[in-house]
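Observations on the three-dimensional arrangement
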Amino acid sequence: MMFSILRRAQQIDALDNTVQIVTEEPAPTTARESHLDTEVVDALEADVLKAIHGVTQAIAVAAADVAAVEKDLAEIRAHAGELAASGKKASEETLSLASSTEELAATSAEIGRAMDHASERIDNAVQAARKASALITQLSAATAEIVGIVDTISAVARQTNLLALNATIEAARAGQAGKGFAVVASEVKVLSTQTARAADDIRLRIDHLRETAQASTSAVAEVVDVVQSVGPVFDTVRNAVSKQNTAIGEASRLASVTSGSVGKVSQSAGEVDAVSLDASHRAHQADQATKTADGLAKALGQRFVTVMRQSELGDRRQSDRFPVDRPATLWVGGRSASSRLIDISHGGILLASAADLQIEAATRIEVEIQNVGRVGLRVVAKSAMGIHGAFADCDAETRARIDGLIAQVEATYKPRILLAQETAHQVATLIEHAVSDGMVSREAVFDTDYELLPGTDPVQYRTAYLPAFERLLSSILEKVLASDPTMAFCLAIDRNGYIPVHNRLYSQRQRPGDPVWNAANARNKRIFDDRAGITAARSTRPFIVQAYARDMGGGKIVMMQEVDAPIRILGRHWGGLRTAYKA
């Protein structure tokens, strides 16, 4: 009887760390009908799980393809980014080149204009030199004429000097009467002498001037020759500058065109980068969607198996499992390791994994349990919960000790089971009276159109029956919670895991922007469709005992032991009553 339990655990326990313990309920059908029902359920379950497995495989392939596309897009973005950067740099450099060539063209044009101006000045200089040469020639002719005049003056001075000498002689002959005339003659002689000297000086200066004029004429002629020889050079330079201006203008034009082309390339690369970034973002969204779809598909499989096994048709448990926390020692091939007992039933036990021992399915091991002794086990499965084992080769004495331990544990849970069942009955009665009194309609009681409450994180919902349930259930749930100091919570959960009313401690108003605090303190109006929640919500058995790790948000995990009972309203299964106790 434990084998079916362990086979089920092998299928779904790896998906959750919840331990389920349910009571045995007699089958209302014949053995043949029960066997046929079991075959139908098994076939349906296998088909659905196979379909879900196919979906998860397809999602995995799609996820791999999306990851490959995202990788390729990342490479494209990297290359496009490099191309855009290079294009931008090249565009800047070609713009700089265009600017430089424009400046060079302007400079060359200025040189051309300067050459034209210099050529004009040279022509003017040649004309001036020629004029100077003509003037010097005229000056030379004038000096020749001056020399003739000076020679005439010199001749007159010599004649005057002779006349003065003769006058002096005659005055001496005249004696006293000629003294005054002798003075005049003496002065004339001095004057003629000075005139002769001045004429000689002028002649010397004119000779020097003539020589200088001749030398200047030669120098001017040489200057004219040199200046005239520079003219062709200037013409050559002017032609070269003109050609250079043409080449520079073409280079500037090409640089501008190149800059524009490179700019377009850089812009196109930027557009490619933007498109690839958008595509990468969409690929990332697709990857997230595939991961979400994969998680939903797996959750669907988990929920389907849980729902099927909690239904009256699919429930095939033959014995109860009860949480038991006590030390245990594993023995494998002469080696031992410490462990702990998690739960126990008449068919087998669940043990915490032992890191020091490698234990595989179908392995034969032994376990020593406090107050039970050493027991043989066959490992049925391993999961995140631990090691699932079925009792093997138990003698009568060992079996008696196992049965005694289970009876002892069951006796401790009995009051809690009765409390959960009685509270479930009270909740159902209150709601049925509310329907009779018109406080809430029958249709509203079973409303599953969960309306999201905006601005809530984690998300909260409202339903048609929420206001009535908040008025009806709070007092009774708080009363039950206060009855046992070890109780952690007492609440009602509908078939889909929705908790309309929680205990006041966990029904506080959410704090904006603080999802961690909200997760631990605002647990009402939320859907808890994890394995523990959906098991309590969908089970139709008289009661269920569960042990699991409760996620309080912010990484805080609390071990809980839970006793649940179904809630039936107006003859229809509505959900379950959950009472949890601190482990």
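Above this note sits the structure.
Residues numbered from 1 in each chain as written. Predicted model: local features only at pLDDT ≥ 70, side-chain atom pairs only at ≥ 80, totals over all residues. Heavy atoms only, no water.

Overview of the packing of aromatic side chains
- Evaluated as defined, the whole model comprises 7 aromatic pairs.
- Both rings, one in Tyr465 and one in Tyr498, keep their centres 6.3 Å apart while their planes meet at 70°; by these two values the pair is edge-to-face. On the criterion of sequence distance, the pair formed by Tyr465 in the loop between β9 (461-462) and α6 (466-482) and Tyr498 in strand β11 (residues 498-499) is long-range, its members being 33 residues apart.
- With a relative accessible area of 0%, Tyr465 lands in the buried category.
- For Tyr498, a relative accessible area of 0% puts it in the buried group.
- Taking 5.7 Å as the distance between ring centres and 40° as the angle between the ring planes, the aromatic pair formed by Phe469 and Trp574 counts as tilted. (Phe/Tyr/Trp six-rings, centres within 6.5 Å; stacked < 30°, edge-to-face > 60°. Helix = DSSP H or I, 4+ residues; strand = E, 2+ residues; numbered from the N terminus. Buried < 20%, exposed > 50% of the residue type's maximum accessible area, 1.4 Å probe, protein only.)

Here's the deal with the side chain of Thr456
- Mapped onto the secondary structure, Thr456 falls in the loop between β8 (451-452) and β9.
- A distance of 2.7 Å separates the side chain of Thr456 from the backbone oxygen of Leu453, its partner in a polar contact.
- Within the structure, Thr456 has its side chain in polar contact with the backbone nitrogen of Gln460 (distance 3.0 Å). (Polar contact = N/O pair within 3.5 Å; in protein donor to acceptor, adjacent residues only side chain to side chain.)

Side note on α6
- With 17 residues, α6 should cover 24 Å at 1.5 Å per step; its first-to-last C-alpha distance of 23 Å lies within 8% of that length.
- At Leu473, α6 is deflected by roughly 40°, the largest bend along its length.
- What α6 keeps buried is the set Leu466, Ala468, Phe469, Leu472, Leu473, Ser474, Ile476, Leu477, Glu478, Val480 and Leu481.
- Those residues of α6 hidden inside the fold are in contact with α4 (396-436), α5 (442-445), β9, β10 (487-494), β11 and β15 (572-582). (Expected span 1.5 Å × (residues − 1). Bend = angle between axes of the 7 residues up to and from the residue. Contact = heavy atoms within 4.5 Å.)

Comments concerning the sheet that holds strand β6 (residues 373-382)
- The strand order β2-β3-β4-β7-β6-β5 describes a closed barrel built from 6 strands, whose pairing is antiparallel. Put simply, the sheet's adjacent strands are angled 45° from each other on average, direction ignored.
- As paired elements, strand β5 (residues 364-369) and β6 share 6 bridges and run antiparallel to each other. Directly across from Val367, in β6, lies its bridge partner Val375.
- Running over the sheet, α4 touches β2 (321-332), β3 (335-345), β6 and β7 (387-391) and is turned about 145° from β2. (Pairing = 2+ DSSP bridges. Axes fitted to C-alpha atoms, helices over the stretch in contact; angles between N-to-C directions.)

Observations regarding unusual backbone geometry
- The omega torsion across Asp457 and Pro458 is 0°, close enough to zero to call that bond cis.
- With respect to the element layout, Pro458 can be found in the loop between β8 and β9.
- We note that Ala362 has phi near 75°; this positive angle belongs to a residue other than glycine.
- Structurally, Ala362 can be placed in the loop between β4 (348-351) and β5.
- Backbone geometry places Asp393, a non-glycine residue, at a positive phi of 60°.
- By the element assignment, Asp393 lies in the loop between β7 and α4.
- Taking the relative accessible area as the measure of exposure, Asp393 reaches 75% and is therefore exposed.

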